[in-house]
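Listed here are the chains, written in short residue letters.
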Amino acid sequence: MMEVTQRTASEGCPKLRARDLGLPFAGTTGPVNAITDVAGIEVGYSTVISDEKPIGRGPARTGITAILPRGRSGPVRAPVWAGFHSLNGNGEMTGTHWVKEAGYFTGPIGITNTHSLGLVHQSILQWMMQRPDTGVGSYRFMLPIVGETCDAYLNDMDAFHVTSAHVMKALNEASSGPLAEGNVGGGTGMICFEFKGGTGTSSRMVDLLGLRYSVGCLVQANFGIRPHLKVLGVPVGEHIRSNRLWAGEQGSIIAVVATDAPLMPTQLERIARRAGIGIARTGTPVGDGSGDLCLAFSTSNLSTSESATAPAVGNLAFLPNNKLDPLFEATAQAVEEAIINAMVAAESMVGREDRLVSAIEHDALRDIMRKYGRLNG
């Protein structure tokens with residue numbers, strides 16, 4: 001099996017991003033315009049591409065993406081406050097019942113294909129059990145966050161191509177800094193608005209009450225049909241009609257939003273809802289068959305305590321609700337741009353049964369945006 005593992009855009013030839021094409025997205029980005037602009041966060045990929053077919057099964061066009069809120073060298077078990085929102089629930093993200101109940105989670109986040117979710121969940125548990133900061137008393141209770149979208153058009157999900165070794169590699173090689181996008185990690189075989197989609201990321205910087213905060217997101221974009229596609233409000237999908245794949249809305253998206261702003265779980269749930277606005281800005285009506293799942297977390301309020309050893313009284317810093325609007329807008333902006341970044345970076349791919357999914361043509365996109373007066377330069 002040929003396996004490709006990509007971690008950062010600096011490894012090999014960097015892919016073009018939406019802003020490189022002159023698309024005038026609003027807002028001030030962080031230094032690398034990625035979720036890793038939130039200090040401490042690391043992301044790892046394991047990308048699995050193979051034309052070797054197990055007996056009776058098809059080729060591999062898949063992988064796994066790992067997001068480590070505290071990094072590999074940080075306190076892996078330290079909780080991060082979180083909120084979850086299901087824009088449409090035809091999908092799965094494990095651990096979210098506990099997020100809804102308790103307002104936090106611990107450990108890495110995994111994103112993969114639908115049929116590999118269980119394997120990734122168990123592998124993350126095995127990885128955490130190997131960490132020196134794993135134990136809480138004699139009872140180890142862990143509920144990893146793992147999300148999925150379906151890559152069955154290009155990848156044979158029933159062949160279970162993702163292995164525990166792939167998950168371990170993504171976790172152990174996670175890094176900060178620039179991130180590869182498009183056909184990488186869990187996004188390898190994904191499709192967005194009938195173009196090749198996949199993994200995308202973006203960030204925003206927000207000034208509030210005299211301090212500067214980072215908001216970053218990473219998406220696994222696998223949703224939408226061509227006629228719905230809008231880029232910065234421009235009906236791009238109405239102009240590019242070639243290489244259509246299907247007539248009805250289908251697919252899913254996982255959107256993970258991170259911030260270093262001190263927020264309560266209820267506020268982070270509100271942030272997760274605004275990720276849905278960023279998704280909607282790309283034109284999708286969010287169809288019945290789509291799993292559009294949004295998770296938001298904050299790296300602020302660092303605590304190494306969990307239930308068994310938590311103090312009787314804890315202190316939590318948080319911003320006032322009436323000051324959150326800039327964070328809401330930053331979230332919507334970053335998610336929207338991350339989705340377009342995923343499509344711009346993706347390359348055409350041939351997968352199972354020789355199916356072709358074409359990447360969006362950069363020149364065609366620029367021409368349309370210029371026609372509508374929505375292009376820099």
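Residues numbered from 1 in each chain as written. Predicted model: local features only at pLDDT ≥ 70, side-chain atom pairs only at ≥ 80, totals over all residues. Heavy atoms only, no water.

### Describing the overall build of the chain
So, point 1. The number of helices and strands found in the chain is seven helices and 15 strands.
So, point 2. Scaling as 2.2 N^0.38, a compact globule of 377 residues should have a C-alpha radius of gyration of about 21 Å, and the chain matches this with 20 Å.
So, point 3. Considering only C-alpha atoms, the chain reaches an extent of 60 × 55 × 40 Å along its principal axes.
So, point 4. When the 377 residues of the chain are sorted by exposure, 58% land in the buried category.
So, point 5. Across the chain, every contact between residues at least 6 apart in sequence was considered, and the portion connecting residues at least 24 apart equals 80%. (Helix = DSSP H or I, 4+ residues; strand = E, 2+ residues; numbered from the N terminus. Rg over C-alpha atoms; globule rule 2.2 N^0.38 Å. Buried < 20%, exposed > 50% of the residue type's maximum accessible area, 1.4 Å probe, protein only. Contact = heavy atoms within 4.5 Å.)

### Side note on the pairing of strand β3 (residues 60-68)
So, point 1. Counting buried residues in β3 gives nine out of nine residues, a clear majority hidden from the surface.
So, point 2. Judged by which residues are buried, β3 turns out to be covered on both faces: Ala 60, Thr 62, Ile 64, Ala 66 and Leu 68 on one side and Arg 61, Gly 63, Thr 65 and Ile 67 on the other are all buried.
So, point 3. Sheet analysis places β3 next to strand β6 (residues 109-113), joined by three bridges and oriented antiparallel. Within the sheet, the bridge partner assigned to Ala 66 lies in β6 and is Gly 110. (Pairing = 2+ DSSP bridges.)

### Considering empty space enclosed by the protein
Take a probe with the size of a water molecule and roll it over the atoms, and the empty space left behind shows itself.
So, point 1. Per the counting criterion, the structure on display carries one cavity of 30 Å³ or more.
So, point 2. The calculated volume of the largest cavity comes to roughly 60 Å³.
So, point 3. In terms of lining, the largest cavity is formed by Leu 68, Pro 69, Arg 70, Gly 71, Val 76, Ala 78, Val 80, Thr 106, Gly 107, Pro 108 and Trp 127.
So, point 4. A per-class count over the lining of the largest cavity returns seven nonpolar, three polar and one charged. (1 Å grid on protein atoms, 1.4 Å probe; cavity = no way out; pocket = protein on both sides within 12 Å on 5 of 7 lines; lining within 4 Å. Points joined across faces, edges and corners; volume = space filled by probe spheres on them. Nonpolar A, V, L, I, M, F, W, Y, C, P; charged D, E, K, R; others polar.)

### Observations concerning the pattern of salt bridges
So, point 1. Enumeration according to the criterion identifies 17 salt bridges in this entry.
So, point 2. Put simply, Arg 281 and Glu 329 hold a salt bridge, and the shortest N to O gap is 3.2 Å. Highlighted residues: Arg 281 in the loop between α5 (265-280) and β13 (291-298) and Glu 329 in helix α6 (residues 325-345), separated in sequence by 48 residues.
So, point 3. Looking at Arg 281, the relative accessible area reads 29%, which means it is partly exposed.
So, point 4. The exposure class assigned to Glu 329 is partly exposed, which follows from its relative accessible area of 35%.
So, point 5. Here Glu 353 ties to Arg 355 by a salt bridge, and the two come within 3.1 Å at their closest N and O atoms.
So, point 6. By relative accessible area, Glu 353 is classed as exposed at 58%.
So, point 7. Residue Arg 355 is classed as partly exposed on the basis of its relative accessible area, which comes to 24%.
So, point 8. Counted as one network, the salt bridges with shared partners bring together Arg 19, Arg 204 and Glu 337. (Salt bridge = Lys/Arg side-chain N within 4 Å of Asp/Glu carboxyl O.)

### Section: the packing of aromatic side chains
So, point 1. What the rule picks out here adds up to five aromatic pairs.
So, point 2. With a centroid separation of 5.8 Å and an interplanar angle of 85°, the aromatic rings of Phe 105 and Phe 297 are classed as edge-to-face. Here Phe 297 lies in strand β13 and Phe 105 lies in strand β5 (residues 104-105), a separation of 192 residues in the sequence. Across this residue pair, the class does not change: Phe 105 and Phe 297 are buried. (Phe/Tyr/Trp six-rings, centres within 6.5 Å; stacked < 30°, edge-to-face > 60°.)

Remember that the coordinates give geometry; whether it matters functionally is a separate question.
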